[in-house]
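# Secondary and tertiary structure notes
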Amino acid sequence: MGAIYVLAEHRQGVLRDITLEMLTKASQLSEKMGGEIVTVLIGSSVDSFAEKLAGYSDKVLYVDDPLFADYNSDKYQKVLVELINQDKPELVMIGHTTQGVDLAPALAVEMKLPFVTDVIDLEFADGKPQPVRSYYSGKVNANFAFKGEAPYLITFRESTLEVAEPSKQGKVEKIESPLKEELDYRRFIEYVEAEVGDVDITQSEILIAVGRGLREEKNMAIIEDLAKAVKGDICGSRAATDAGWLAHDRQVGTSGKTVKPKLYIAIGISGAFQHLAGMKGAKTIVAINKDPDAPIFSVADFAIVDDLFKVIPKLTEKLKELRG
Amino acid sequence: MKTFVCIKRVPDTSESVVKVDASGKDVDSSKFSFDINDADNYAVEEAVLIKEANGGTVQVICAGPQDSDVMIRMALAKGGDSAVRIDDPRINSLDPLKVAKVLAAVIKSEEFDLVLTGCMAADDGGMAVGVALAEELGVSHAAMVKKVQVEDGKVRVQRELEGGISEVVEITLPAVLTIQTGINEPRYAPIKGIRQAQKKELKVLKIEDLGLDENEVNEASSLIELQNLYMPEVVSNAEVIEGEPEEKAEIMATKLVKGGLL
Ligand SMILES: Cc1cc2nc3c(=O)[nH]c(=O)nc-3n(C[C@H](O)[C@H](O)[C@H](O)COP(=O)(O)OP(=O)(O)OC[C@H]3O[C@@H](n4cnc5c(N)ncnc54)[C@H](O)[C@@H]3O)c2cc1C
Ligand SMILES: Nc1ncnc2c1ncn2[C@@H]1O[C@H](COP(=O)(O)O)[C@@H](O)[C@H]1O
């Protein structure tokens, strides 16, 4: 069986979690289907990553060049096309991240690769890797099969598994950059850091989180009452911040903050994976949603399946009463 | 600026029960309500804002059934100039690369500066069509865009990354941008616009009209195949609070206070 390629993802000097998550999945898969695990690391002066990745790989293919100081999908694509054509791996794994989704679909088109996006799991069946993905924000899962010849390409979702301990001692192989000069049609300019707001929700002990289920901005009043009653801070899903009910720095999830409060009360939030990734580390999670199938309940400790407008005011009232 | 914007009609499944149908390969959508995909609504607004600031045209493209016309007319009412709908069940809509091929065939036949798509369709969540489309068209792209600034022959965009940070990149036109929600405040269609939209051109095409052959975009031509759909096992360890709404509130309040959770 050909190799499993995993594209390392890093940004601003930090190796991103998705990399080791993919390597963990790759190692589970390679136990069943065989094949070396080859991590492809593209960057500039990231030797320390190469060493760390060797612990999870049979081989680290390392392109080290100032051209790759910052991520650029077009440049990455050029390198990957070259490497994939050379090695013909069985499977290529790229993170289903803002980086991966900016890169993988174009790579699939250029190389005519069988391609499945947002994969949450991989089985091994009929002599091939078989991707599982989800539809309708987690309400239905789908088994896919690849047709045609390898290499197969997937983007793999973040935070679907626990990262294993390193158990390999792969060799690090530095290779010359297949790309020799800057590309002028897409240029990285700079990073813009996250907005800083009045409250740092990553430090909050008690968070009241709202989602689209609240329907209108004026309904924020019942949320504010509850927050006051429990001395908590208010945060929300992307739907709530996009709608302008909350400032952007109050957004919880992959494109917002990762929070770890003692108590997280999720109100009218469905629990898209981008949201769950930011809050599932909370100690106690209370979810209030009228849809019994809402994915938020999969991470909840207490589930209230009901209309929030009937539950929340009463909850606030009772809390005030009990706490004097 | 000649801008194309791609929109998709999707079901709102956030509050509905989703069940796999008898075929095992689709869901029963008879009870769903449909609307324009969330991110596409922002893409339409961004296209109209770009036209208002720079002049030019906005053309709407949609691959989907006739029911999509309501959403297409809305986009026209907000400032779109004309529309193309590809109505062809032979397209394998489960494969983003096939959808991208079809959309590209519409765009290729004309000159353009910008193509805007949503960053993600809410039903399949694939986040793939826009970037695949760019490659089909042979132009540059940026995904997850939350700010667009048009310059001479270029666009400067902010791409949203994880954790609230973003990166600024400069891209040569023509280009494809996949638009993230929250980039702007989508307008409501003005009454006058709604009336005018009825008169704007909406072409309905089949794949042959685009110079495509069935065997380039149908299921048989895909390199991926849906085996079956299934309901994921929901592993919930949650304690379900039972009772009337008021009772639930009381029980929960008591648990929070007495259980030392506050
Ligand atoms: C690249 C990318 C990054 C993203 N990053 C994030 C992120 O960081 N954070 C994030 O949250 N999302 C993020 N999203 C968006 C995410 O995919 C979802 O769209 C979003 O989380 C949905 O928000 P929601 O749960 O509030 O709304 P919905 O999914 O619309 O859910 C609303 C819920 O409210 C319930 N409800 C409605 N009325 C009531 C009522 N009266 N009583 C009780 N319940 C009710 C419904 O049953 C439903 O479950 C991202 C998306 C993309 C593409
Ligand atoms: N059938 C379609 N018709 C028009 N545009 C589409 C269609 N499918 C996807 N798109 C566009 O591609 C974006 C991303 O879709 P996806 O890759 O499926 O998540 C959507 O937000 C739309 O802008």
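See the structure above.
Since the model is a prediction, treat every value here as computed from it, not as a measurement. (Residues numbered from 1 in each chain as written. Chains lettered and ligands numbered in written order. Predicted model: local features only at pLDDT ≥ 70, side-chain atom pairs only at ≥ 80, totals over all residues. Heavy atoms only, no water.)

## Thoughts on the nonpolar core
By size, the foremost hydrophobic cluster in this structure holds 59 residues, and its most contacted members are Tyr5, Ile94 and Leu153 of chain A together with Val115, Leu133 and Leu137 of chain B. With nine residues, the top contributor of residues to this core is helix α3 (residues 96-108) of chain B. Among all residues touching Tyr5 of chain A, those that are not within four sequence positions of it are Val38, Val40, Leu61, Leu83, Ile84, Asp87, Pro89, Leu91, Val92 and Met93 of chain A. (Core = buried A, V, L, I, M, F, W, Y, C linked by side-chain atoms within 4.5 Å. Buried < 20%, exposed > 50% of the residue type's maximum accessible area, 1.4 Å probe, protein only. Helix = DSSP H or I, 4+ residues; strand = E, 2+ residues; numbered from the N terminus. Contact = heavy atoms within 4.5 Å.)

## Comments concerning the interface of chain A and chain B
Each partner contributes to the interface: chain A provides 87 residues, whereas chain B provides 84 residues. Summed over both sides, the interface of chain A with chain B buries roughly 7400 Å², with 58% coming from carbon and sulfur. On the surface where chain A and chain B come into contact, there are eight salt bridges. Across the pair Glu162 of chain B and Arg16 of chain A runs a salt bridge, and its minimum N-O distance is 4.0 Å. Where chain A touches chain B, the interface holds 37 residue pairs in polar contact (both at pLDDT 80 or more). Top contributing element to the side of chain A that touches chain B by residue count: helix α8 (residues 308-323) of chain A, with eight residues. As paired strands, strand β9 (residues 140-146) of chain A and strand β12 (residues 224-230) of chain B are joined by six bridges and run antiparallel to one another. Paired with Asn143 of chain A across the two strands is Asn228 of chain B, which belongs to β12 of chain B. (Buried area = accessible area lost by both parts, 1.4 Å probe. Salt bridge = Lys/Arg side-chain N within 4 Å of Asp/Glu carboxyl O. Polar contact = N/O pair within 3.5 Å; in protein donor to acceptor, adjacent residues only side chain to side chain. Pairing = 2+ DSSP bridges.)

## What to know about the site of ligand 2
Residues and elements named next belong to chain B. Around ligand 2, a shell composed of 19 residues is seen, among which Asp40, Ala63, Ala121, Asp124 and Ala128 lie nearest. Within the backbone of Ile7, one N or O atom sits 3.3 Å away from a nitrogen atom of ligand 2. A distance of 2.8 Å separates an oxygen atom of ligand 2 from a polar backbone atom of Met127. Coverage of ligand 2 by the protein chains reaches 97% of its 480 Å² of free accessible surface. Looking at the shell around ligand 2, the elements that each hand over two or more residues are β4 (57-63), α3 and β6 (114-118). At three residues, the largest contribution of residues to the shell around ligand 2 is made by β4. When the residues that make up the shell around ligand 2 are grouped by side-chain class, the tally is twelve nonpolar, four polar and three charged. (Near = heavy atom within 4 Å. Areas by Shrake-Rupley, 256 points an atom, 1.4 Å probe, with all protein chains shown as cover. Nonpolar A, V, L, I, M, F, W, Y, C, P; charged D, E, K, R; others polar.)

## Focus on the environment of Arg212 of chain A
For Arg212 of chain A, the location among the structural elements is in the loop between β13 (206-210) and α5 (220-230). For Arg212 of chain A, a relative accessible area of 53% gives the class exposed. Taking the C-alpha atoms as reference, Arg212 of chain A lies 8.5 Å from Ser270 of chain A; in sequence the two are 58 residues apart. Dropping the residues within four chain positions of it, Arg212 of chain A is found in contact with Ser237, Ala239, Trp245 and Gly268 of chain A together with Asp38 of chain B.

## Here's the deal with the site of ligand 1
Residue and element names in this part refer to chain A. Around ligand 1 lies a shell of 32 residues, among which Ser237, Val252, Ser255, Ser270 and Asn289 are the nearest. A distance of 3.1 Å separates an oxygen atom of ligand 1 from a polar atom in the backbone of Gly268. Bound to the protein, ligand 1 loses 92% of the 980 Å² it would expose on its own. Going through the elements one at a time, α6 (238-242), α7 (273-279) and α8 are the ones with two or more residues in the shell around ligand 1. A breakdown of the residues in the shell around ligand 1 according to their chemical character gives nine nonpolar, 15 polar and eight charged.

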